[in-house]
Every structure is written in structure tokens, then in C-alpha cells.
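Residue strings, one per chain:
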Amino acid sequence: MTANRSDLKRQLLEQARKRTTPRATARPNDSVTSTLPGNSTPGPVAERFTRFDAHPGYQQLTMLRQGAEQLGLKDPFFKVHEGTAGATSVIQGQPCINFASYNYLGYSGDPRVTQAACEAVARYGTSVSASRVVSGERPIHRELEQAIAKAYQVDDAVAFVSGHATNVSTLGYLLGAKDLVLHDEYIHNSSLVGAQLSGAKRMSFAHNDPDALDALLSRHRHQFERVIVVIEGLYSMDGDIPDLPRFIELKKRHQVWLMVDEAHSFGVMGDNGLGLHEYFAIDPRDVDIWMGTMSKTLSGCGGYIAGSSALVETLRYFAPGFLYSVGMPAQVAAPSIKVLELMQQEPERVEKLHAISRYFLQQAKKHGMDTGHSIGAAVVPIIVGSSPLAAHLSHTLLEQYHINVQPILHPAVPEKSARLRFFLAYDHTQAHIDQTLDALATLLAQARS
């Protein structure tokens, strides 16, 4: 069984590395449009350029699904949760321990937060029915943005209807062809897409390595007009954080902008969950652009940018993802406002999240499991080094033990770094952790025997 799985893994990886259809190379039997001078009658276009089932992405997906079937595995994605997902959930009618939710402080589903949403939708309706710049502006939008700005102790904030679009639109608008985007090699896809859209030159530096960034800035800063450094507050693949004070020192010395994506760190880092500036006790104004999402701790949806008035006003009037998008529905904004209020009143939730996260990390290490560089703050990976093994473990944990945890597979991470990724919530218990790690240790021992 182990040998078969290993052989299949090699085959799948080899196929995944190949582009099914090279873009610039036609095969002898393909029909292509003639480009010969003087030929005014183009020939037929090859079907592989007109059919979605011939697209390389779909063919790769089909290949991966076939491989999973040969291993007796189900597709680990798009599991249907039949209610509020937090430390526990219900999947296919079966209650389970859940480690696949960003509901870090348990506010999604909290009756007080739900009530805020109900009151907002009763007052403003289900949609604001226009972009905010046209006629979609509502008082609740500015209330949310002012609450976010207050949490960061900066001038202002602007809320986007999509977290991914927040980074895409912000970076895509602020930078141009004469500029440079420097980013951590593990930065989120949204920042990569934004950098590409901007037309700026893009370079990555080694993960959480300020010295590598310093070297790049020393070599290249003078070649560009605007330069921005983009890092994350808590890396969701690895559960580690950057040395923010060092990055601030570099940004000041090299005269560049610093952008921190706090999608996972806001609500998690710091005694009150206010993020990396609280954790490191730094002046929030030393970071030029704070970005975050409402879909995790804040129990809503969308993203935000917080910073100076000039930054926020510029984005509010010109960033395409804000300017041309409908305004955020009131029932989406209201929960985040309520959570920001409750976080001030209930710091014990953050304390409990920190405690249970540390417990998970400590117990996993006692079992001899590879937790990478996680600091034990809401996100802890268990690295198993094989995509088929990670998928098998995820499948078996759910089917046999009623434990839900997602696998992270190649090419999302290098094959040797394939893992199970555990998201902790404040209401996970030590019993949840012990049961899970005991089950995982048993399955790992069986797989390696």
C-alpha cells in the first residue's frame, strides 16, 4: 500500500509540473489560424483553445481527482458545514471537532453579533444597491471605518467588499511601471495579483528575513521611484510572525512604504487582539498601510485599509475595487462593528485563544510532530512531507474520528512541506486537542510502519 501510494505520488507530481498545453508550441495535428503573409482566409482554431475541458487547469484538476480516487480518497475541499463553524461544527449531519475555521474569538454565531446584523438589515435592507461613491453610502459604513481607525490609532480607514480585492486594488492602484514591490516569498496571492496588476517590478525575499530585504533594498532602491515592502502579520501557512520593528527600521532607512497584511493577526496578536502593533508595542503610524479582513475575527466579510487620511482618501476616490464595487451590505458591516466593541470588553477571549494555541503547540511537539516555525498563536501546521499522506490523514480523521482539518498540498506548498493546517479558536478545549493529537499520532504511526 505504501509503495503504491509512493509511486502514484511521483506520477502525480510529474504530471502537475508539466503544462498540459504549452502556450507557444503547436503540435503537428493541431489546427491553427494561419499567419502567413497574404493569407486572407484563416484556418480553423484548434479545439484545445475553445473548450474549457481542454484548459490546462481543468485537465490538472481532473488528473488530481483521478489520483485521489486511486488512493481511495474523497475531494477534501468544499465540505458543507450545516451551521455555525467554530471549535465544533456539523458536516454531513455528523458533529465534529473543527480546526478549519477562522472564527478565532468565537464571535461568529454569538447572539449579540447576530442581533446587530438583524437590526442593521431591518433598518437598511439587504443591499445598499449602489457603489458608495454614487448613492450607496450609509452611516454604518463610516461607523465601521472609524472603529477600525480607532483600533489602529491612525487617521482613517476604508472598507472594501472583498478581502482579496482589497490587496489587489490597493497595490494595483498605488504602484506603477516605475515602482517596485518587494514581498515576503510566502505572501498571500492577493498581494501577488495586486503587484502584477500594478505593472511594477516585483521581487520576493526569503521568508521573514530582514537581512535579505536589506540587501535587495541596498541594491535596487535607487532604481525606482516608489517602493513598497509587503509582509503579513501572521502567516496562515506556517503560524509565524515577522520581526516588525526590524522591518520598520529598514523602511525608514531606505525610504520606502511598509504594508502589513493583518488578515490573520488582527484579533489574535497582542493582549487585546489589536494585532502586531500591540504585540510589539510600536507606534502604528510607523507602518504606512495596515490591511486586514472582516471575515475572520471580525465575523463579517470584506477587507480594510487603515492609515493616513491622504492614503485613505486616495483609495476611496480612485481604487477600482472600491470605486466600482457596490457598497458593503449593512448586515455585513454591523457584526464587525459589534465585535470591535466586544473585543474591548472581553480580553479574556484573546487570553483563552493564546492559552489553547500554546497547549496545542506544546502537545504536538511532545508527540514528536513537526510544527515548523509556528509560534503557537491560532495557526499551527503539522508538516507530514507528502501530499497523498496529508490528504489521507485529513480524510481518515474526519471519517473515523469526526475531526475536521484541511490538508495543504503541493503546489500550494512544496511537496516536502505538505501538511495539515490547524486553526485554533478560543473555545477549543484541552480535551479537543488531546483527542485530536492522539488520533493523529496513531494514524501517522500506521502510515510509517
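These numbers were taken from a predicted model, which means no experiment stands behind them.

A. Highlighting the overall build of the protein chain. Summing up its helical and strand segments, the protein chain has 16 helices and 13 strands in all. A compact globule built from 449 residues would reach a C-alpha radius of gyration of about 22 Å, and the protein chain, at 24 Å, matches this within 12%. Considered along the principal axes of its C-alpha atoms, the protein chain spans approximately 65 × 65 × 50 Å. Burial status across the protein chain gives 51% buried among its 449 residues. When the accessible surface of the protein chain is split by element, carbon and sulfur atoms take 52% of a total near 20900 Å². Of note, the protein chain has its 42 positive side-chain charges centred 5 Å away from the centre of its 45 negative side-chain charges.

B. Region of interest: the nonpolar core. The biggest cluster of nonpolar side chains holds 94 residues, and the ones touching the most others in it are Leu244, Trp290 and Phe360. For this core, the element with the most residues is helix α13 (residues 330-345), which contributes eight residues. Judged by nonpolar contacts, the second largest core, of 20 residues, contains Phe160, Val181, Val230 and Ile289.

C. Expanded view of the packing of helix α3 (residues 111-124) against α13. Here α3 crosses α13 at 140 degrees, and the two axes come no closer than 8 Å. In the packing of α3 onto α13, the handedness of the crossing is right-handed. Counted together, Arg112, Val113, Ala116, Ala117, Ala120, Val121 and Tyr124 of α3 and Ala330, Gln331, Ala334, Pro335, Lys338, Val339 and Leu342 of α13 form the full contact between these two elements.

D. Examining the packing of helix α15 (residues 387-401) against helix α16 (residues 430-448) more closely. Two elements in contact, α15 and α16, have axes separated by 11 Å at closest approach and are oriented at 130 degrees. In this view, α15 runs oblique relative to α16, as classed from their interaxial angle. In this structure, α15 crosses over α16, and the sense of that crossing is right-handed. Contacts between α15 and α16 involve Leu389, Leu393, Thr396, Leu397 and Tyr401 on the former and, on the latter, Gln435, Ala439, Leu440, Thr442, Leu443, Leu444 and Ala447. Grouping the amino acids of the contact of α15 with α16 by side-chain chemistry returns nine nonpolar, three polar and no charged.

E. The arrangement of helix α9 (residues 244-254) in detail. If you check which residues of α9 are buried, you get Leu244, Phe247, Ile248, Leu250, Lys251 and His254. The arc enclosing the buried residues of α9, seen along the axis, measures out at 160 degrees, which places them on a common side. Backbone geometry just downstream of α9 places Gln255 in the positive-phi region, at approximately 55 degrees.

F. Region of interest: the pairing of strand β3 (residues 156-160). With respect to burial, β3 is a largely interior element, five of its five residues being buried. Here β3 shows a buried face lined by Asp156, Val158 and Phe160 and a second buried face lined by Ala157 and Ala159.

G. The arrangement of the sheet that holds strand β11 (residues 403-404) in detail. With mixed pairing, the three strands of this open sheet are ordered in space as β1-β2-β11. Looking at which strands have only one partner, the edges of the open sheet turn out to be β1 (88-91) and β11. The pairing of β1 with strand β2 (residues 94-98) spans four bridges and is classified as antiparallel. Bridging from a neighbouring strand, Val90 pairs with Pro95 of β2.

H. Inspection of the pattern of salt bridges at higher detail. By the definition in use, this model includes 23 salt bridges. Of the charged contacts, one joins Glu145 and Arg142 as a salt bridge, the two residues approaching to 2.5 Å between their closest N and O atoms. One end of the pair, Glu145, and the other, Arg142, are both in helix α5 (residues 139-152), three residues apart, so they sit about a helical turn from each other. Taking the shortest distance from any N to any O, the salt bridge between Arg316 and Glu145 comes out at 3.1 Å. With a gap of 171 residues between them, Arg316 in helix α11 (residues 309-318) and Glu145 in helix α5 connect regions that are remote in the sequence. Among the charged side chains, a network of salt bridges with common partners joins Arg132, Glu137, Arg142, Glu145, Asp156, Glu313 and Arg316.

I. Seen up close, the side chain of His428. Its location among the elements puts His428 in the loop between β13 (419-423) and α16. A distance of 3.4 Å separates a polar atom in the side chain of His428 from the backbone oxygen of Ala87. Separated by 2.9 Å, the side chain of His428 and the backbone nitrogen of Ala425 make a polar contact. For His428, the contacting residues outside a window of four places in its chain are Ala87, Ile97, Asn98, Phe99, Ile356 and Phe423.

J. Representation of a nonpolar patch on the surface within the structure. Residues Val133, Val134, Tyr173, Tyr317 and Phe318 make up a contiguous nonpolar surface patch of roughly 520 Å² in combined accessible area. Only α4 (132-136) and α11 provide two or more residues apiece to the nonpolar patch. Considering the arrangement of structural elements, one finds Val134 in helix α4. With relative accessibility at 64%, the residue Val134 sits in the exposed group.

K. Molecular detail of the packing of aromatic side chains. On inspection of all chains with the given rule, the structure shows 13 aromatic pairs. With a centroid separation of 6.0 Å and 40 degrees between ring planes, the pair formed by Phe205 and Phe247 is classed as tilted. Taken as a pair, Phe205 in strand β5 (residues 201-205) and Phe247 in helix α9 lie far apart in primary sequence, 42 residues in all. Comparing Phe205 with Phe247, the two get one shared label, buried. Taken together, a centroid distance of 5.0 Å and an interplanar angle of 90 degrees make the contact between Tyr279 and Phe280 edge-to-face. For Phe280, a relative accessible area of 24% puts it in the partly exposed group.

Calculation criteria
- Residues numbered from 1 in each chain as written.
- Predicted model: local features only at pLDDT ≥ 70, side-chain atom pairs only at ≥ 80, totals over all residues.
- Heavy atoms only, no water.
- Helix = DSSP H or I, 4+ residues; strand = E, 2+ residues; numbered from the N terminus.
- Rg over C-alpha atoms; globule rule 2.2 N^0.38 Å.
- Buried < 20%, exposed > 50% of the residue type's maximum accessible area, 1.4 Å probe, protein only.
- Areas by Shrake-Rupley, 256 points an atom, 1.4 Å probe, with all protein chains shown as cover.
- Lys, Arg positive; Asp, Glu negative; His and termini not counted.
- Charge placed at Lys NZ, Arg CZ, Asp CG, Glu CD.
- Core = buried A, V, L, I, M, F, W, Y, C linked by side-chain atoms within 4.5 Å.
- Axes fitted to C-alpha atoms, helices over the stretch in contact; angles between N-to-C directions.
- Left-handed = near helix turned anticlockwise from the far one by under 90°.
- Contact = heavy atoms within 4.5 Å.
- Parallel < 35°, antiparallel > 145°, perpendicular 65-115°, else oblique.
- Nonpolar A, V, L, I, M, F, W, Y, C, P; charged D, E, K, R; others polar.
- Arc of directions from axis to C-beta.
- Pairing = 2+ DSSP bridges.
- Salt bridge = Lys/Arg side-chain N within 4 Å of Asp/Glu carboxyl O.
- Polar contact = N/O pair within 3.5 Å; in protein donor to acceptor, adjacent residues only side chain to side chain.
- Patch = residues over 30% accessible without salt bridge, like charges linked within 9 Å, V, L, I, M, F, W, Y side chains within 5 Å.
- Phe/Tyr/Trp six-rings, centres within 6.5 Å; stacked < 30°, edge-to-face > 60°.

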